[in-house]
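Take a look at the letters that make up each chain.
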Amino acid sequence: MTAQKIIIDTDPGIDDAMAIFYACLHPRIELVGMTSVFGNVTLEIATRNALVLAELADQEIPVAKGAQKPLIQKPNGVSAHVHGAEGFGRMPACTSKGQVVADSAAAFICRMIHENPGEIILCPIGPLTNIALALQLDPSIVTKVKSVVIMGGGIKRGNVTDFAEANIWNDPHAADQVFAADWDLVMVGLDVTHQVACDRADFARTTKAAPVLGGFLAEATEFYLDFYEGHYGKPECHMHDPTAVIAITDPQLFSIENHPLEVIVEGERAGQTTLTAKSGRRPVQVCMGVDGAAVKELFLSTIESGF
Ligand code: RIB
Ligand code: CA
């Protein structure tokens, strides 16, 4: 069994940590690199947190530092109210002995795709700035990447506004470049991630079986669950970022609609991912249905397999 090589582009972030641990523990995934981006936290914190998560998972994963702001618009600011000031709920800043690689995130993505033609799935779970910069640096990556599976967007709903999902809203211009590129693109958006939820009992279960990684998630998620309870009225959190990695390991759990998409970049609907009649756009594989219970069980059992 050959493991699928993936690069996670990330702004860790609590659900980013869930996605990264899932990828580290899953036997059919080889996490060959991480690239950091502003979003839930500043770029400095995101980069440090990516290094911390690799170290916690006891894996040597190259981390490349990426963009600190959107391509064009002014930054919207960090999401400390959702993920905590340092990215992992109420936990203080964690430190890591790890160092970033010399390449920028965009250069790292291009180099890795060229060194592994047809083999790498890019999995961005933050704003799409690094991915747009990689496309600008080397447009030929569209023919060499295996596919791109993003956590972002939503056809029927938003989360930061009625229309926009956070990752797309944080850099809509970059996202539109990613949706316009001629590559195999899968969108794992709010249409499905809002159907996958975990609560305190679930994280108690992962802590019992895997005290280090499950326990870290349980501690970080306390704050996240408080936010969800205050915002949505229920003490359970949506499993946004891990659901994107699970769409790579277990695509059969999702139903897909194929639509060319564009991103609204300005005005009240800024950040909305919407069907487009613009000619020449390749259809995006949009996840519209999911077996939420199966995705949740897969996540929990994979974390339980850890330490
Ligand atoms: O809207 C959910 C996304 O925004 C996730 O990637 C989460 O980490 C936040 O950045
Ligand atoms: Ca994220």
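Basis of the calculations
- Residues numbered from 1 in each chain as written.
- Chains lettered and ligands numbered in written order.
- Predicted model: local features only at pLDDT ≥ 70, side-chain atom pairs only at ≥ 80, totals over all residues.
- Heavy atoms only, no water.
- Donors = N, O, S within 2.8 Å, 3.2 Å for Na, K, Ca; no water.
- Helix = DSSP H or I, 4+ residues; strand = E, 2+ residues; numbered from the N terminus.
- Near = heavy atom within 4 Å.
- Polar contact = N/O pair within 3.5 Å; in protein donor to acceptor, adjacent residues only side chain to side chain.
- Areas by Shrake-Rupley, 256 points an atom, 1.4 Å probe, with all protein chains shown as cover.
- Nonpolar A, V, L, I, M, F, W, Y, C, P; charged D, E, K, R; others polar.
- Buried < 20%, exposed > 50% of the residue type's maximum accessible area, 1.4 Å probe, protein only.
- Contact = heavy atoms within 4.5 Å.
- Disulfide = S-S within 2.5 Å.
- Phe/Tyr/Trp six-rings, centres within 6.5 Å; stacked < 30°, edge-to-face > 60°.

Surrounding the calcium ion (ligand 2) are the protein donor atoms Asp-11 (OD), Asp-16 (OD), Asp-16 (OD), Ile-125 (O) and Asp-241 (OD), which sit 2.3 to 2.6 Å from the metal. Sequence positions of the donors to the calcium ion (ligand 2) reduce to the motif D-x4-D-x108-I-x115-D. You can see Asp-11 sitting in the loop between strand E1 (4–10) and helix H1 (14–25) and its partner Asp-241 sitting in helix H12 (residues 240–249), a full 230 residues away along the chain.

Before going further, it helps to examine the site of ligand 1. Looking at ligand 1, there are 13 residues lining it, with Asp-15, Asn-40, Asn-159, Glu-165 and Asp-241 nearest. Contact between ligand 1 and Glu-165: an oxygen atom at 2.4 Å from a side-chain N or O atom of the residue. The separation between an oxygen atom of ligand 1 and a polar side-chain atom of Asp-241 is 2.6 Å. Protein contacts shield 95% of the accessible area of ligand 1, which totals 270 Å² for the unbound molecule. Mapped by element, the contributors of at least two residues to the shell around ligand 1 are H1, helix H7 (166–169) and H12. Per-class residue counts for the shell around ligand 1 are 3 nonpolar, 5 polar and 5 charged.

On the secondary structure map, Ile-109 appears in helix H4 (residues 105–115). Its relative accessible area of 0% is what places Ile-109 among the buried residues. When the C-alpha positions of Ile-109 and Pro-62 are compared, they lie 11 Å apart, and in sequence the two are 47 residues distant. Leaving out residues up to four positions away in the same chain, Ile-109 has contacts with Ile-7, Thr-35, Leu-122, Asn-130, Ile-131 and Ala-134.

Looking now at the state of the cysteines. Two cysteines joined by a covalent bond between their sulfur atoms form a disulfide. Applying the stated criterion across every chain, the model contains 0 disulfides. The thiol of Cys-110 is not disulfide-bonded; the next cysteine sulfur, from Cys-123, is found 17 Å away. Residue Cys-237 stays outside any disulfide, its sulfur separated by 6.0 Å from that of Cys-198, the closest cysteine. Judged by relative accessible area, Cys-237 falls into the buried class, the value being 0%.

Let us look at the packing of aromatic side chains. Aromatic ring pairs are defined here through the distance separating the ring centres and the angle between the ring planes. Under the defined criterion, the tally for this structure stands at 5 aromatic pairs. Relative to Tyr-228, the ring of Tyr-224 lies with its centre 5.0 Å away and its plane at 75 degrees, an arrangement referred to as edge-to-face. Here Tyr-224 pairs with Tyr-228, and both are found in helix H11 (residues 213–232), just 4 residues apart, close to one helical turn. Taken as a pair, Tyr-224 and Tyr-228 share a single burial class, namely buried. With centroids separated by 5.6 Å and ring planes inclined at 85 degrees, the aromatic side chains of Phe-227 and Tyr-228 adopt a geometry described as edge-to-face. Of the two residues, Phe-227 and Tyr-228, both sit in the buried class.

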